[in-house]
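Structure at a glance
Listed below are the residues making up each chain.
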Amino acid sequence: ASRWRRYFARMFDTIWETLFVSYVLGFLLGPYSPFTEWILKNSISNPIAVWLLYCPIVLVVDAIIYKIFGNTPGKYILCIIVVQNNNLYLNLRQYLMRNLSLWMSGLAFGFPTINLFTMMR
């Protein structure tokens, strides 16, 4: 797949998975935890801290979705399949390591704008 198809598939998946994770964490932790106060306080003053918190969780959710369904929605929509060289699907650990590598080198640890250039590379 071309770099732009991979980029848009990843961004689509990251955006909807971030919304999903935010909703679930807010629903589960919101009423019972000082975590809510921390998020509300830091989301305005330091949105990067919040993004760095969510991004690893989102990439784990991404790997779980891949393992359960064999693909993620963004990759499915753009007809991208992630397989090994021998055309076998990755196991959960391999996909998690792939996401960790991508988070560092491709997503630039979640920093907006910078990740646009690292993903183009």
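In short, a report on the structure. (Residues numbered from 1 in each chain as written. Predicted model: local features only at pLDDT ≥ 70, side-chain atom pairs only at ≥ 80, totals over all residues. Heavy atoms only, no water.)

1. Describing the overall build of the protein
Convention followed: Working definition: helices are DSSP H or I runs of at least four residues, strands are E runs of at least two. Numbering for both runs from the N terminus. To sort residues, take the accessible area from a 1.4 Å probe on protein chains only and compare it with the maximum for the residue type: under 20% means buried, over 50% means exposed, and anything in between is partly exposed. The contact criterion used is simple: two residues touch if any of their non-hydrogen atoms lie within 4.5 Å. All accessible areas in this document rest on Shrake-Rupley with a 1.4 Å probe, and a residue is counted as covered only by the protein chains that are shown.
When helices and strands are counted, the protein shows six helices and zero strands. Considering the protein as a whole, with its 121 residues, one finds that 31% of them fall into the buried category. Expressed as a percentage of contacts within the protein between residues at least 6 apart in sequence, the contacts between residues at least 24 apart total 60%. For the protein, the accessible surface area stands at approximately 7900 Å², while carbon and sulfur atoms represent 71% of it.

2. Points about helix α1 (residues 3-29)
Test applied: The span one expects for a helix is its residue count, reduced by one, times 1.5 Å.
With 27 residues, α1 should reach 39 Å at 1.5 Å per residue; the first-to-last C-alpha distance of 37 Å fits that figure. Where α1 is concerned, the buried positions are Tyr7, Ala9, Arg10, Met11, Asp13, Thr14, Glu17, Thr18, Val21 and Leu25.

3. Overview of the side chain of Glu17
With respect to the helices and strands, Glu17 occurs in helix α1. For Glu17, the residues in contact, after removing those within four places along its chain, are Val58, Asp62 and Ile65.

4. Focus: the nonpolar core
Formally: Here, nonpolar core means buried Ala, Val, Leu, Ile, Met, Phe, Trp, Tyr and Cys residues that are tied together by side-chain atoms lying within 4.5 Å of each other.
Counting six residues, the largest nonpolar core consists of Tyr7, Met11, Cys55, Leu59, Trp103 and Leu107. Looking at this core, the elements with two or more residues in it are α1 and α3 (47-69). Ignoring any residue separated from it by four or fewer positions in sequence, one finds Leu59 in contact with Arg10, Leu96, Asn99, Trp103 and Leu107.

5. Focus on the pattern of salt bridges
Our working rule: The salt bridge criterion pairs a side-chain nitrogen of Lys or Arg with a carboxyl oxygen of Asp or Glu, the two atoms within 4 Å.
Counted according to the given criterion, the structure contains two salt bridges. Across the pair Arg10 and Asp62 runs a salt bridge whose closest N-O atoms are separated by 3.1 Å. Here Arg10, found in helix α1, pairs with Asp62, found in helix α3; they are 52 residues apart in sequence, far enough to count as distant. No difference in accessibility class separates Arg10 from Asp62, as the two residues are buried. With a closest N to O distance of 3.7 Å, Asp13 and Lys75 form a salt bridge. Within this pair, whereas Asp13 is found in helix α1, its partner Lys75 is found in helix α4 (residues 73-77), the two being separated by 62 residues in sequence. The class for Asp13 is buried, based on a relative accessible area of 0%. Lys75 gets classed as buried once you look at its relative accessible area, which sits at 5%.

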